[in-house]
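Below are the chains, spelled out letter by letter.
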Amino acid sequence: MSGGHSHAHGSAGGGDHRPRLAIALGLTSVVLIVEVFGALISGSLALLADAGHMLTDAAGLVIALIAAQLARRGPTDKRTWGYLRAEVLAATLQAAILLAVGTFILIEGIQRLFAPPEVASGIMLVFGIVGLAANIVSLLVLAGGRGANFNMRAAFLEVLNDALGSLAVIVAAIVIATTGYEQADAIVSILIALMILPRTVTLLRETTSVLLESTPRGLDLADVRKHLLELDHVKAVHDLHASQVATGLPVLTAHVVVDDSCFQDGHVPQMLDQLQACVAEHFPVSIEHSTFQLEPAGHRTHEHGAHA
């Protein structure tokens, strides 16, 4: 049984973020080409490595753009939630890529501490500034939507990764040009990796939690059960489950045992409204999409399987 609240489930996170992603992808692609050119004419491994990061991040933005497009498709009989889960899958893939990139930067940085490559610091500085300027524009474009969903958060992290890489190139170039200390490139790279990895692990943990259909963060099912049991006529609650389809779309289902009299005096619709209002309004995580099965006391003996 369900009712009393809106059950539409369109694009998770609200708003159309495809233009933001497209602009960021375009800028990232331009910087990628520029940095490859700069690496070829300067022989800078740092620029070439940053271009490799750009290539990875451009691929991530392509994934994000595809996911944003898929997420706008409506539900069908075969896919009852549409493609809303696409943003979670895309963010998980992006986070996994970022984790690999961050680990590579860390390992490569440690190796370069002992065997720093020779770089042309002047050309390195120019192309680093060009890359940073483009990344700042991309960050400003994505900033307004970065909290909308997992997909946008992952895309923002991709570009932030690029910006940090460009900043590292600039700092390392200045230090090498003024002091000749070539290990500066390795030290800055290690610091960048240490900044990237914790954020990436957090995002990966959150998205995998959604994919595993864990209880939404901030929702205590024991507390939910307690409050449902406090409603008049409610005798027991079992098969209580809560999960999250996509950003901003938590769902809850439960079997609720009520007084037998509720089925005789027409009280069931009122009970349903009370149950749905409880989970939609009382808890930190508002659950607008809830489904309750109201049962008489004797019904449970007819059910099969474990009950939680």
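Further up the page is the structure itself.
Figured I'd write up the structure that's included with this text. Everything quoted here is computed from the prediction, not taken from an experiment.

### With respect to the overall build of the chain
Consideration 1: Looking only at helices and strands, the chain features eight helices and three strands.
Consideration 2: When its helices and strands are written in sequence order, the chain yields α-α-α-α-α-α-α-β-β-α-β.
Consideration 3: Burial status across the chain gives 47% buried among its 308 residues.
Consideration 4: Counted over contacts in the chain with a minimum sequence separation of 6, partners at least 24 positions apart contribute 76%.
Consideration 5: If you sum the accessible surface of the chain, you get close to 14,400 Å²; carbon and sulfur atoms cover 64% of it.

### A closer look at the nonpolar core
Consideration 1: Within the largest apolar cluster, 24 residues are counted, with the highest numbers of intra-cluster contacts made by Val 224, Leu 252, Phe 292 and Leu 294.
Consideration 2: Among the elements of the structure, helix H7 (221-229), strand S1 (234-246), strand S2 (249-258), helix H8 (268-281) and strand S3 (289-295) are those that each provide at least two residues to this core.
Consideration 3: Judged by nonpolar contacts, the second largest core, of 14 residues, contains Leu 25, Leu 61, Ala 155 and Ala 163.

### So, the sheet that holds S3
Consideration 1: Pairing is mixed in the open sheet, where three strands are placed in the order S1-S2-S3. The sheet terminates laterally at S1 and S3, the two strands that pair on one side only. Looking at each pair of strands side by side, their axes are set apart by 10 degrees on average, direction ignored.
Consideration 2: Note that S1 and S2 share nine bridges and pair antiparallel. Across the sheet, residue Ser 243 finds its bridge partner in S2, namely Val 251.
Consideration 3: Contacts between H8 and the sheet are confined to S1, S2 and S3, with S3 contributing the most and set at about 140 degrees to the helix.

### Remarks on the packing of helix H3 (residues 86-114) against helix H6 (residues 184-211)
Consideration 1: Remark: H3 packs on H6, axes separated minimally by 7 Å, with the N-to-C direction vectors making an angle of 155 degrees. On the basis of their axis angle, the class for H3 and H6 is roughly antiparallel. The crossing of H3 and H6 is left-handed.
Consideration 2: Tallied by class, residues from the contact of H3 with H6 come to 23 nonpolar, eight polar and two charged.

### Quick look at the pattern of salt bridges
Consideration 1: In total, this model carries three salt bridges according to the counting rule given.
Consideration 2: Across the pair Glu 108 and Arg 112 runs a salt bridge, and its minimum N-O distance is 3.3 Å. Pair noted here: Glu 108 and Arg 112 are both in helix H3, with a separation of four residues, about one helical turn.
Consideration 3: Among the residues examined, Glu 108 registers a relative accessible area of 24% and is labelled partly exposed.
Consideration 4: One salt bridge in this structure joins Arg 217 and Glu 206, with 3.2 Å as the shortest N-O distance. Of the two residues, Arg 217 sits in the loop between H6 and H7 while Glu 206 sits in helix H6, which places them eleven residues apart along the sequence.
Consideration 5: Since its relative accessible area comes to 73%, Arg 217 is described here as exposed.

Rules of the game
Residues numbered from 1 in each chain as written. Predicted model: local features only at pLDDT ≥ 70, side-chain atom pairs only at ≥ 80, totals over all residues. Heavy atoms only, no water. Helix = DSSP H or I, 4+ residues; strand = E, 2+ residues; numbered from the N terminus. Buried < 20%, exposed > 50% of the residue type's maximum accessible area, 1.4 Å probe, protein only. Contact = heavy atoms within 4.5 Å. Areas by Shrake-Rupley, 256 points an atom, 1.4 Å probe, with all protein chains shown as cover. Core = buried A, V, L, I, M, F, W, Y, C linked by side-chain atoms within 4.5 Å. Pairing = 2+ DSSP bridges. Axes fitted to C-alpha atoms, helices over the stretch in contact; angles between N-to-C directions. Parallel < 35°, antiparallel > 145°, perpendicular 65-115°, else oblique. Left-handed = near helix turned anticlockwise from the far one by under 90°. Nonpolar A, V, L, I, M, F, W, Y, C, P; charged D, E, K, R; others polar. Salt bridge = Lys/Arg side-chain N within 4 Å of Asp/Glu carboxyl O.

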